[in-house]
Amino acid sequence: MELKVLDSFAAAFSVLGALHLKPPSSSVVKEFLSLSSQWPLPLTPQGEEALTELRSSFPDNPSEEDIYQLWADQNQLYGITGSAQLSPFESVQRGEDGLVFDQETIEVRRYYGAMGFQAPHLGKEPDDHIGLEMDFLSKCLLKAADDFAAGQEAGAKQALGVAREFSCEHLLCWGPDFFAEGARLAKTPWLRGISILAGQTLSEWQQALLDAGYKLVIAPRQRQSRQGDSLGAVPVELTRRPH
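In this report, we go over the structure that sits alongside the text. Because the structure is predicted, anything quoted here is derived from the model rather than measured.

This part covers the overall build of the protein. Counting secondary structure elements, the protein contains nine helices and zero strands. For the protein, the α and β elements follow one another from N to C terminus as α-α-α-α-α-α-α-α-α. For 243 residues, the compact-globule estimate of 2.2 N^0.38 gives 18 Å, and the protein sits close to it at 18 Å. Along the first, second and third principal axes, the C-alpha atoms of the protein reach 50 × 40 × 30 Å. Of all 243 residues assigned to the protein, the portion counted as buried reaches 48%. Taking the contacts inside the protein whose residues are at least 6 apart along the sequence as the reference set, 74% of them involve residues at least 24 apart. Total accessible area on the protein stands at roughly 11700 Å², and carbon and sulfur atoms take up 51% of it. For the protein, the separation between the mean place of its 21 positive charges and that of its 33 negative charges on side chains is 4 Å.

This is the structure:
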């Protein structure tokens, strides 16, 4: 996979991860909108429409009321201060019992540890927030890009292998449905727009892996807890399709 491709996806996942972790401030909104014409990945017609709606919906200097509406929308959807319409935690979305800190949380934590990464509020907040998962994928891709640039091919392939395995076991099996539902439920062009962009980015990432020759086996959307799933080393396969 080319360095430019890795850098582009790393940038997109980093921005989207941060935006889904918490509602934006006025400065974040202004910065995002000012740079939106330089989005690092190709846009589908739906993605272009979402960005166009975002640009036309906000004044150059958003008021406190404008920003509060964004906070209220994200708060209601993700349950920042109360019950969530759409929980942003993988264990709730995929687990048999719909609980936080369940099997998926532990599995995600193991992947983080394999790359020397730790959730910022370890033990206090679940590791499997959709924003954290996108941020982790961004870190894997940056590591791969840096290692490739430095001629450290083994390290780059390992980081890219972790990114692929993590995507198949986690982000790609629940993220697309999550973002589609988020776009449907969002009340503001902001949250609707970044949900559409996130869903599009996951789709493009999946295609990029296929184009690079990687075999993808995406885990099922719903999973049942199995004894022992949280034990053992994280698998880091580098299987490629035969040419």
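Additional details are given in the paragraphs that follow.
Turning next to the packing of aromatic side chains. The full count for this structure, using the stated rule, is 16 aromatic pairs. On the basis of an interplanar angle of 65° and a centroid distance of 5.3 Å, the ring pair of Phe9 and Trp205 is categorised as edge-to-face. With Phe9 in helix α1 (residues 3-21) and Trp205 in helix α9 (residues 189-211), this residue pair connects regions lying 196 residues apart in the sequence. Take Trp205: its relative accessible area is 0%, and that puts it in the buried class. Among the aromatic side chains, those forming a connected cluster through ring pairs are Tyr111, Tyr112, Phe117, Phe136 and Phe166.

So, about helix α2 (residues 26-35). Burial in α2 covers these residues: Val29, Phe32 and Leu33. On an axial view of α2, the arc spanned by its buried residues comes to 95°, and they lie on one face. Buried residues along α2 sit in contact with α1, α3 (45-57), α4 (64-78) and α9.

For Gly199, the location among the structural elements is in helix α9. For Gly199, a relative accessible area of 22% corresponds to the partly exposed category. The spatial distance from the C-alpha of Gly199 to the C-alpha of Leu172 is 9.6 Å, given a sequence separation of 27 residues.

Applying the stated rule across the entire model yields 10 salt bridges. The shortest N-O distance in the salt bridge between Asp135 and Lys139 comes to 2.6 Å. On the criterion of helical spacing, the pair formed by Asp135 and Lys139 is a turn pair, its members being four residues apart in helix α7 (residues 130-149). A relative accessible area of 17% places Asp135 in the buried class. Among the ionic pairs, Asp177 bridges to Arg221, the shortest N-O distance being 3.5 Å. Here the residue Asp177 occupies a position in helix α8 (residues 153-185), and Arg221 occupies one in the segment after α9, the gap between them amounting to 44 residues.

Orientation of helix α6 (residues 103-114) relative to α8, taken along the N-to-C sense of each, is 170°, at an axis distance of 11 Å. Of the possible angle classes, the one that applies to α6 and α8 is roughly antiparallel. When α6 is examined against α8, the residues Glu104, Glu107, Val108, Tyr111 and Tyr112 are found in contact with a partner set consisting of Val162, Glu165, Phe166, Glu169 and His170. Taken together, the residues that form the contact of α6 with α8 break down as five nonpolar, one polar and four charged.

Turning to the environment of Glu90, a few remarks are in order. You can see Glu90 is positioned in helix α5 (residues 90-94). As for Glu90 and Asp127, which are separated by 37 residues in sequence, their C-alpha atoms are 9.0 Å apart. Among residues more than four places away in sequence, those in contact with Glu90 are Gly95, Glu104, Val108, Asp128, Glu133, Glu169, His170 and Trp174. Among the polar contacts made by the side chain of Glu90, one reaches the side chain of Arg94 at a distance of 2.7 Å.

What follows is about a nonpolar patch on the surface. Together, Tyr68, Trp71 and Ile80 make up a nonpolar patch on the protein surface, roughly 300 Å² of accessible area in all. Mapped onto the fold, Ile80 is located in the loop between α4 and α5.

Ranked by size, the top nonpolar core spans 59 residues in total, and within it Phe32, Leu141, Trp190 and Trp205 carry the most contacts. Contributions of two or more residues to this core are made by α1, α2, α3, α4, α6, α7, α8 and α9. If you tally residues by element for this core, the top one is α8, at 12 residues. Apart from the residues lying within four places of it in its own chain, the contact partners of Leu141 are Leu6, Phe9, Ala10, Phe13, Leu160, Ala163 and Trp205.

The rules behind these values
All residue numbers refer to position in the chain's written sequence, counted from 1. Two thresholds apply to this predicted model, a pLDDT of at least 70 for residue-level local features and 80 or more for giving and counting side-chain atom pairs, whereas whole-chain, interface and lining totals are computed over all residues. Computation of side-chain values: all heavy atoms of the structure, hydrogens and water removed. Helix and strand definitions follow DSSP, with helices as H or I runs of at least four residues and strands as E runs of at least two, each counted in order from the N terminus. Using C-alpha atoms as the atom set, the radius of gyration is obtained and then compared with a globule rule of 2.2 Å times the number of residues to the power 0.38. Burial classes: relative accessible area under 20% of the type maximum marks a residue as buried, over 50% as exposed, and values in between as partly exposed (1.4 Å probe, protein chains only). Note on definitions: a residue-residue contact is assigned when non-hydrogen atoms from the two residues lie within 4.5 Å. To measure how exposed things are, a 1.4 Å probe is used in the Shrake-Rupley method; for residues, cover is taken only from the protein chains shown. When charges are counted, neither His nor the chain ends are considered; positive counts come from Lys and Arg and negative counts from Asp and Glu. Charge placement uses NZ in Lys and CZ in Arg. For Asp and Glu, CG and CD serve respectively. Each aromatic pair joins two rings of Phe, Tyr and Trp (for Trp, the six-membered one) with centres within 6.5 Å, and gets the label stacked for planes under 30 degrees apart, edge-to-face for over 60, and tilted for any other angle. Directions drawn from the helix axis to the C-beta atoms are what define this arc. A pair is scored as a salt bridge if a Lys or Arg side-chain nitrogen falls within 4 Å of a carboxyl oxygen belonging to Asp or Glu. Note on method: axes are straight lines fitted to C-alpha atoms, helices fitted across the in-contact stretch only, with angles between N-to-C directions ranging 0 to 180 degrees. Oblique is the label for any angle not under 35 degrees, not over 145, and not in the 65 to 115 range, which are roughly parallel, roughly antiparallel and roughly perpendicular in turn. Residues are grouped as follows: Ala, Val, Leu, Ile, Met, Phe, Trp, Tyr, Cys and Pro are nonpolar; Asp, Glu, Lys and Arg are charged; all remaining types, including Gly, are polar. Polar contact is defined as a pair of N or O atoms within 3.5 Å, subject to the rule that within protein one atom must be able to donate a hydrogen and the other to accept it, and that residues adjacent in sequence are counted only when both atoms are side-chain atoms. To count toward a patch, a residue needs a relative accessible area over 30% and no salt bridge; like charges are then connected within 9 Å, while nonpolar side chains (Val, Leu, Ile, Met, Phe, Trp, Tyr) are connected within 5 Å. The criterion is simple. A nonpolar core is a set of buried Ala, Val, Leu, Ile, Met, Phe, Trp, Tyr and Cys residues joined through side-chain atoms within 4.5 Å.

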